[in-house]
Every structure is written in C-alpha cells, then in structure tokens.
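Given next are the chains, with one letter for each unit.
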Amino acid sequence: MGINIAVDGPAGAGKSTIAKLVAKEKGYIYVDTGAMYRGLAIHFLDQGIEPGDTDRIIDACRSAQVTIQYEEGVQQVYLNGKNITARLRDEEVGNMASKSSPIPQVRKKLLELQQGLAKEQDVIMDGRDIGTCVLPDADVKVYLTASVETRAKRRFDELTEKGVDCDLEEIKRDIAERDHRDMTRETAPLKQAEDAVLIDSSHMTIDEVVAAITALCR
Ligand code: DC
C-alpha cells in the first residue's frame, strides 16, 4: 500500500497545479481524475451524444476503455488505445465531463481505475470525491478552495495570456454553475471530507499552498 494524498475542491481552485508540484517535491505520482472524466466525455462527444442524453451516455460507457500511462512523469490519457491528452482541456469537453459525471454508471467505470492506481504506489490524487469516496482511508486529505472571484480571475488571466478573447463575468457565471452542479449532484457530490484540512488559496501564492500541503505529508 502506497502513501495516498487526496486533494478535492471546486473547479479552478488550483488543484492540479499544486498537486503536480507537491508530487514533484515528494516523489509521488500525480493522478488527475478530472482528466479521466474528460476522457470519457470525449468518447460521448465523438459519438454525437448530447450532454442530457443519459441513456446513450450509459450505453456508450460499455464501449469506452480509459487507461492512464505516465510518460516522463506526465499523465497521458488513452481512450480505446488512442492518446487523447491534447483534447482534454477543450471547453466542450469540460462541460460534457461536468454534465456526465453525476451519472452513477460513469463514476463506477472510473472508480476501479482510480483505486487501482493508488493501491501500489505513492500518489497525490485530485478530484471532487477522492477523500469522501475514492480513497476514504487516505493518509492526508486536503480540501482546496478559493472564492469564485479569485478562481474566475485566474482563469481569465490564463486564457488572456493564451490570446483567447473572454469575458470575466461569463467565466464567473460558468464557475458558479459548475460548482452548483458538482456540489448538488446525488452521487459523490463535491464536499469537504470530515477529516480533510481546509485550505482557502484566495490570498495565498502557489508556493505557500505547496508548502502547506507538503508540511501535512511529513
Ligand atoms: O477537475 P476537472 O475540471 O478536470 O473535472 C472535470 C469534471 O469532472 C468536473 O466538472 C466534475 C468531474 N469530476 C468528478 O465528478 N469527480 C472527480 N473526482 C473529478 C472530476
């Protein structure tokens, strides 16, 4: 059994940036479970399925095989043998992932893969339900959050830097909507595990958050 660190929190809280840095510092494998939901979402989108078509999504789960490989320490997601990592961050993929992830059959499909990865190696795994459902016995649990305003501004700066034209108010609305969906769904909603340490990164630098989590892992 390896060391298991669970990091949960809402979209845009900086989970993946922080978890990658902690992984590097501690020599853990970083497991991005959102990327797995995004991988399945690509499968649904490629079949022309609408986000609201639950029956077709459940049916399509049967023909999807999501696997993970690490190439030079970086997680690569394969869908039915094809590397789809480059498409994971597309906006429509994030939307489909958010809308399909409440479906129990979708979650069941990925649970075993996630638990299997954590069994044999030291991992820091991020997502929405890691401390509450996937790794309830994790050695350290962190609930990483930030205000909607802070998260929207970070996303706005990131997109602007890439030359993408965007609107701060629209981003804010999207984030609030996604929070609501992730927190109110029936299966494995986003919530802080009772034994998780709450870190609000609204007024913290990346280095400060990494230091806070690394200190918990000693
Ligand atoms: O973290 P992310 O934005 O890449 O995740 C995409 C979607 O996947 C998110 O809106 C909710 C879902 N998700 C989930 O339900 N459970 C997880 N452990 C990780 C992600």
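Everything that follows concerns the structure shown earlier in this document.
Residues numbered from 1 in each chain as written. Predicted model: local features only at pLDDT ≥ 70, side-chain atom pairs only at ≥ 80, totals over all residues. Heavy atoms only, no water.

> What should I look at first to understand the overall build of the protein in this one?
Within the protein, the secondary structure is distributed over nine helices and eight strands. Taken over C-alpha atoms, the radius of gyration comes to 17 Å for the protein, in line with the 17 Å a tight globule of 218 residues would show. Judged by the C-alpha coordinates and their principal axes, the protein covers about 45 × 45 × 35 Å. Expressed as a percentage of the 218 residues in the protein, the buried residues total 45%. (Helix = DSSP H or I, 4+ residues; strand = E, 2+ residues; numbered from the N terminus. Rg over C-alpha atoms; globule rule 2.2 N^0.38 Å. Buried < 20%, exposed > 50% of the residue type's maximum accessible area, 1.4 Å probe, protein only.)

> What exactly am I supposed to notice about helix α5 (residues 104-120) here?
Each α-helix turn comprises 3.6 residues. Residues three or four places apart therefore point the same way. Taking 1.5 Å per residue as the helical rise, α5 with its 17 residues ought to reach 24 Å, and the 26 Å between its terminal C-alpha atoms agrees with that figure. The largest bend in α5 is about 25 degrees, located at Leu110. Those residues of α5 lying buried are Val106, Arg107, Leu110, Gln114, Leu117 and Ala118. (Expected span 1.5 Å × (residues − 1). Bend = angle between axes of the 7 residues up to and from the residue.)

> Help me understand the environment of Leu144 in this model?
Tracing the backbone through its elements, the reader meets Leu144 in strand β7 (residues 140-145). Given the relative accessible area of 0%, Leu144 is considered buried. Aside from chain neighbours lying at most four places away, what touches Leu144 is Val7, Asp8, Gly9, Pro10, Ala13, Gly14, Lys15, Ile18, Ile199, Ser201 and Val209. (Contact = heavy atoms within 4.5 Å.)

> I tried to follow unusual backbone geometry on my own but got confused; where do I start?
Among all residues except glycine, the phi angle is most often negative; among peptide bonds, the trans geometry is most common. You will see that Glu72, though not glycine, has its phi angle at about 50 degrees, which is positive. If you trace the backbone, Glu72 turns up in the loop between β3 (66-71) and β4 (74-79). Exposure remark for Glu72: the relative accessible area of 84% places this residue in the exposed category. The phi dihedral of Asn80 falls on the positive side, at around 45 degrees, and the residue is not glycine. Note on placement: Asn80 falls in the loop between β4 and β5 (82-83). The exposure class of Asn80 is partly exposed, given its relative accessible area of 43%.

> What am I meant to see in helix α3 (residues 54-61) here?
Three or more residues of α3 are buried, namely Ile57, Ala60 and Cys61. The buried residues of α3 all sit within an arc of 110 degrees when viewed along its axis, so they share a single face. Residues of α3 that are buried sit in contact with α2 (33-46), α4 (91-100) and α5. (Arc of directions from axis to C-beta.)

> So what exactly am I meant to see when it comes to the site of the ligand here?
The immediate surroundings of the ligand are formed by 16 residues, with Arg38, Arg107, Arg128, Asp129 and Arg185 found nearest. At 3.0 Å, a side-chain N or O of Thr33 approaches a nitrogen atom of the ligand. The separation between an oxygen atom of the ligand and a polar side-chain atom of Arg38 is 2.7 Å. Compared with its free state, where it exposes 450 Å², the ligand has 95% of that area covered by protein. (Near = heavy atom within 4 Å. Polar contact = N/O pair within 3.5 Å; in protein donor to acceptor, adjacent residues only side chain to side chain. Areas by Shrake-Rupley, 256 points an atom, 1.4 Å probe, with all protein chains shown as cover.)

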